Amino acid sequence: MMKISTNSKKDVYIHAAIITLLLMVLFFGFFFVYLPWSTNHGDAITVPNLKGLTMEEAENLLDERNLDFEVTDSTFTAGVKPLTVLSQYPLENSKVKQGRKIYLTINTETAPMIKLPKLTEMSVRSAEQQLLVSGLLKPDLEYQNDSRQNEVLEVKFGGTKIDAGSLIAKGSKVTLVVGNGTDSVEMDVPCVVGQLYDEAQIVIKGSGLQIGTVIYDPTSTEPAGTIIKQNPECENGNKVHSGDMVDLWVAGNPPN
């Protein structure tokens with residue numbers, strides 16, 4: 001049997017080491033020199049904040065940075081202009097390569113129609129929460145004489161009563177008619193004749209009533225601003241209900 005000399009083994013080891021070294025040079029050269037150079041590594045572009053911009057503004061801003069975009073979703077948000085960017089991916093300040101596509105969600109041009117939820121017999125607080133969940137705005141409140149305090153009696157839209165299930169544009173505002181806790185109990189008419197107008201206002205409003213028509217009489221001999229007559233009168237046992245109007249006649253000329 002032929003024996004391999006020590007020198008031959010040494011040569012094999014040297015050759016193997018050289019081959020290994022060359023492979024390592026090629027490996028590191030490919031991943032740390034050629035690949036970064038071929039992919040423009042280090043030339044990262046910062047993604048701008050596009051939220052709140054119109055599509056035209058977003059497109060111009062991305063063009064300036066050699067970035068592309070694609071609208072992947074659209075939804076409706078009340079109070080936001082149509083075709084406005086709502087969200088983006090990658091997020092602002094992300095580092096991306098030239099030509100990277102930015103995916104956008106925009107606000108739709110038309111509000112979708114939704115069904116008005118049942119709000120009657122609910123508390124005002126619960127009804128407001130239900131409206132917000134349904135995509136409607138916080139409602140206006142209109143109080144009405146009724147013993148059911150802070151309970152929704154009916155719903156109005158555009159001044160007209162609407163029922164649960166009616167179609168209404170998302171983002172709309174309705175009016176809730178709410179009980180004020182007072183029933184149709186009669187009360188005596190407060191007497192304000194002889195009082196100054198400012199004092200009479202306090203008395204009338206403090207009684208749960210409203211100021212109706214105010215008529216000024218420049219021919220009166222009473223001091224200016226004095227109440228000389230009211231309707232309904234407080235004599236003869238006249239009765240009113242909470243929220244009723246009281247008309248006033250005032251001495252002198254109306255204020256400028």
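Please refer to the structure placed before this passage.
Since the structure is predicted, the reported quantities are computational estimates derived from the model, not experimental observations. Once a new chain begins, its residue numbering starts again from 1 and follows that chain's sequence as written. In keeping with the predicted nature of the model, local features appear solely for residues at pLDDT of at least 70, side-chain atom pairs appear and are counted solely at 80 or more, and the whole-chain, interface and lining totals rest on all residues. With hydrogens and water stripped out, all remaining heavy atoms of the structure feed into the side-chain values.

Caption draft 1: Examining the state of the cysteines more closely. The disulfide criterion used throughout: a pair of cysteine sulfur atoms within 2.5 Å. Under the definition given, this model contains one disulfide. Here C191 pairs with C234 through a disulfide, and the sulfurs are 1.9 Å apart. Judged by the torsion about the S-S bond (110 degrees), the C191/C234 disulfide is right-handed. Here C191, found in the loop between β12 (186–188) and α4 (197–206), pairs with C234, found in the loop between β14 (227–231) and β15 (239–241); they are 43 residues apart in sequence, far enough to count as distant. Only DSSP runs of H or I reaching four residues or more are called helices, and only runs of E reaching two or more are called strands; each is numbered from the N terminus.

Caption draft 2: Up close: the sheet that holds strand β8 (residues 152–157). By this definition, two strands are paired if DSSP reports at least two bridges between them. Overall, mixed pairing links the four strands, which are arranged β7-β11-β8-β9 in an open sheet. Lying at the two open borders of the sheet, with one neighbouring strand each, are β7 (140–149) and β9 (160–162). Ignoring strand direction, the axes of neighbouring strands in this sheet form an average angle of 35 degrees. The pairing of β8 with β9 spans three bridges and is antiparallel. Along β9, the bridge assignment pairs F157 with T160. Residue contacts are defined here by distance: any two heavy atoms, one from each residue, within 4.5 Å place the two residues in contact. Note on definitions: angles span 0 to 180 degrees between N-to-C directions of axes, and those axes are lines fitted to C-alpha atoms, for helices only across the stretch in contact. The sheet strands contacting helix α3 (residues 124–133) are β7, β8 and β11 (175–179), and the helix crosses β11 at an angle near 165 degrees.

Caption draft 3: Highlighting the nonpolar core. Side-chain atoms within 4.5 Å link the members of a nonpolar core, which is a set of buried Ala, Val, Leu, Ile, Met, Phe, Trp, Tyr and Cys residues. Accessible area is worked out with a 1.4 Å probe on protein chains only. A residue is then buried under 20% of its type maximum, exposed over 50%, and partly exposed in between. L116, L119, L131, V155, I168, V174 and L176 are the most contacted members of the largest nonpolar core, which has 14 residues in total. For this core, the secondary structure elements donating two or more residues are α3, β8 and β11. At three residues, the largest contribution of residues to this core is made by α3. The contact partners of L116, leaving out residues within four places of it in the chain, are L131, L136, V155, I162, D163, A164, G165, S166, I168 and V174.

Caption draft 4: Spatial organisation of the pattern of salt bridges. For this document, the term salt bridge refers to a Lys or Arg side-chain nitrogen within 4 Å of an Asp or Glu carboxyl oxygen. Enumeration over the complete set of coordinates arrives at five salt bridges. One salt bridge in this structure joins R65 and E64, with 3.9 Å as the shortest N-O distance. With a shortest N-O distance of 3.1 Å, E142 and K156 are connected by a salt bridge. Placement of the pair is E142 in strand β7 and K156 in strand β8, with a sequence separation of 14 residues.

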